[in-house]
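Residue-level listing of the chains:
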Amino acid sequence: MKKEPRKKNKVLMVLNRYYPMIGGAEQQARSLARFLHLNFDYNIEVITTDHKGDLKSSEILDGSRVRRITKSKNGMIFFYLKLFFLIIFKYRNTKIVHCHSISVTSFICSLAAKLTRKKCILKLSISGEISNLLNPLRIQGKIKAMMIRYALNNSTIVTLTQEGITELTEYNVRDHVLIPNGIDVNSLRNEVVNRVRPHDVRIYGFLGRFCEQKGIPELLTAFEKSASTTRLYLMGSSEHQPNSNIDKVIEEQSVRLGSRLHLMRSQNPPYTFYNQLSHFVSASKYEGLPNVVLEALTFGLPCLLSNIAPHIEISNECKSEFIKTYNNKEQLIELLNSMPFRTDRTSLLPDKYNMHNVAKSYDKLYKR
């Protein structure tokens, strides 16, 4: 077996789940690791769990070593213990631990890093997350809140939006930096297909987890009242949403909407999905900085977005007539019927969200 070339700058990334999981955090971490490895001379190792139970315990992905140290079915306590000892003993010469969440895992990373004089970086993905974690109602939650407070005070926090900066400032977290999510623009642009679409049929697409957070019930209710010529393609899954009745909601709407609503099998990557759309819609009630919206903009799709702060921040950065936000159900219905069409499929995404520039910001942070 050919020996891997050693990179002079080593970083340990930590996530509870990783590829082939296709969530936003997992996609961001993989893309960032690839860009740092290829363009900035970093040796990235990823520690995670085997979330499916049948994945390789160790493999090379995009030039980075991925170690799946426990199986999720065995519980997270084993993951925490093994992670702690690995950071202290196996990775003693690694100077940076980069955890892509704010959680018990981030506490383990920050504590082990502190004991071994490493630098720890944590990622705040969703605004409001810290407020929820630091204001628990039960005793168990209060213990977790103490862990999270320790992690926040002994790490550098990467937040994605100005809303995140406001939240961190509110909780007196001083060591933080703003770095948005990034998109591999060149790869996505190579997949764009310029199709001729009829201008009397708007084909909207939603991509993401099927859960209440994503505003799917409200979107379906509004869509039912939009023009009969509109179509809605849903791609995603309700997996890991055990207390949700979202599948029942979608099933009931499928009966009422008939051929206007299409449920599509998940694709990874979802290039074919984007190329079938004339418009993209995100009705989320809260988000960090949604990858799917950034991807849709890279594909040149007009976007209809709820008025949460990250969506508004994206809209302000893009300054495009093809991005509309709505404040209530009535405006959503109106915009579903009136969103402008676009024949030009050039990217609408500003350069600040290009993964090369995002990786450059992380390189600067690591060197600091």
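Everything below is about the structure printed above this text.
Predicted, not measured: the structure shown is a model, and the values here were computed from it.

## Some thoughts on the overall build of the chain
At step 1: Regarding its fold elements, the chain presents 14 helices and 14 strands.
At step 2: For 368 residues, the compact-globule estimate of 2.2 N^0.38 gives 21 Å, and the chain sits close to it at 21 Å.
At step 3: For the chain, the spread of C-alpha atoms along the three principal axes comes to 65 × 50 × 40 Å.
At step 4: When the 368 residues of the chain are sorted by exposure, 53% land in the buried category.
At step 5: Taking as baseline every contact in the chain between residues at least 6 positions apart, the subset at least 24 positions apart corresponds to 70%.
At step 6: Summed over all atoms, the accessible surface of the chain reaches about 17,700 Å², with 50% contributed by carbon and sulfur.
At step 7: The averaged location of the 33 negative side-chain charges in the chain is 8 Å from the averaged location of its 53 positive side-chain charges.

## Digging into a nonpolar patch on the surface
At step 1: A surface patch of nonpolar side chains, about 540 Å² in accessible area, is lined by Ile77, Phe78, Leu81, Phe85 and Phe89.
At step 2: Take phenylalanine 85: it is sitting in helix α2 (residues 76-90).
At step 3: According to the relative accessible area criterion, phenylalanine 85 is partly exposed, its value standing at 45%.

## What about the nonpolar core?
At step 1: Counting residues in each nonpolar core, the largest one holds 35 residues, and the members touching the most others are Val14, Ile47, Leu83, Cys109 and Leu152.
At step 2: The contact partners of cysteine 109, leaving out residues within four places of it in the chain, are Val14, Leu83, Ile87, Val97, Cys99 and Cys120.
At step 3: Judged by nonpolar contacts, the second largest core, of 31 residues, contains Val292, Cys303, Ile314 and Tyr353.

## With respect to the sheet that holds strand β10 (residues 231-237)
At step 1: Spatially, the six strands line up as an open sheet ordered β11-β10-β9-β12-β13-β14, and their pairing is parallel. Each of the sheet's edge strands pairs with one partner strand only, and the pair in question is β11 (261-264) and β14 (323-326). Averaged over all adjacent pairs, the angle separating strand axes in this sheet is 25°, with direction ignored.
At step 2: Pairing of strand β9 (residues 203-209) with β10 involves seven bridges; the strand directions are parallel. Across the sheet, leucine 207 pairs through a bridge with methionine 235, a residue of β10.
At step 3: Contacts between helix α8 (residues 216-224) and the sheet are confined to β9, β10, β11 and β12 (279-282), with β10 contributing the most and set at about 165° to the helix.

## Description of the sheet that holds strand β6 (residues 119-124)
At step 1: As summarised here, the arrangement of the eight strands in space is β3-β4-β2-β1-β5-β6-β7-β8, forming an open sheet in which the pairing is mixed. Lying at the two open borders of the sheet, with one neighbouring strand each, are β3 (58-61) and β8 (176-178). Ignoring strand direction, the axes of neighbouring strands in this sheet form an average angle of 25°.
At step 2: Pairing of strand β1 (residues 9-14) with strand β2 (residues 42-50), which is carried by six bridges, proceeds in the parallel orientation. Opposite leucine 12, over in β2, you have glutamate 45 as the bridge partner.
At step 3: Of the strands in this sheet, β1, β2, β4 (64-71) and β5 (96-99) touch α2, which is tilted by about 140° from β4.
At step 4: Against the sheet, helix α6 (residues 162-170) engages β6, β7 (156-159) and β8, with an angle of about 165° to β8.

## Describing the side chain of histidine 279
At step 1: With respect to the element layout, histidine 279 can be found in strand β12.
At step 2: For histidine 279, the side chain forms a polar contact with the side chain of serine 278, separated by 2.8 Å.
At step 3: Contacts of histidine 279, omitting those with residues within four sequence positions, involve Arg202, Ile203, Tyr204, Gly205, Leu301, Pro302, Met339, Pro340 and Phe341.

## Quick notes on unusual backbone geometry
At step 1: Geometrically, the link from tyrosine 19 to proline 20 is a cis peptide bond, its omega value of 15° lying close to zero.
At step 2: Here proline 20 is to be found in the loop between β1 and α1 (24-39).
At step 3: Omega for the bond connecting asparagine 268 with proline 269 falls within 30 degrees of zero, at 5°, which places this linkage in the cis form.
At step 4: Within the secondary structure layout, proline 269 lies in the loop between β11 and α10 (271-275).
At step 5: Located in the positive-phi region is aspartate 62, a residue other than glycine, with phi close to 55°.

How each quantity is defined
- Residues numbered from 1 in each chain as written.
- Predicted model: local features only at pLDDT ≥ 70, side-chain atom pairs only at ≥ 80, totals over all residues.
- Heavy atoms only, no water.
- Helix = DSSP H or I, 4+ residues; strand = E, 2+ residues; numbered from the N terminus.
- Rg over C-alpha atoms; globule rule 2.2 N^0.38 Å.
- Buried < 20%, exposed > 50% of the residue type's maximum accessible area, 1.4 Å probe, protein only.
- Contact = heavy atoms within 4.5 Å.
- Areas by Shrake-Rupley, 256 points an atom, 1.4 Å probe, with all protein chains shown as cover.
- Lys, Arg positive; Asp, Glu negative; His and termini not counted.
- Charge placed at Lys NZ, Arg CZ, Asp CG, Glu CD.
- Patch = residues over 30% accessible without salt bridge, like charges linked within 9 Å, V, L, I, M, F, W, Y side chains within 5 Å.
- Salt bridge = Lys/Arg side-chain N within 4 Å of Asp/Glu carboxyl O.
- Core = buried A, V, L, I, M, F, W, Y, C linked by side-chain atoms within 4.5 Å.
- Pairing = 2+ DSSP bridges.
- Axes fitted to C-alpha atoms, helices over the stretch in contact; angles between N-to-C directions.
- Polar contact = N/O pair within 3.5 Å; in protein donor to acceptor, adjacent residues only side chain to side chain.

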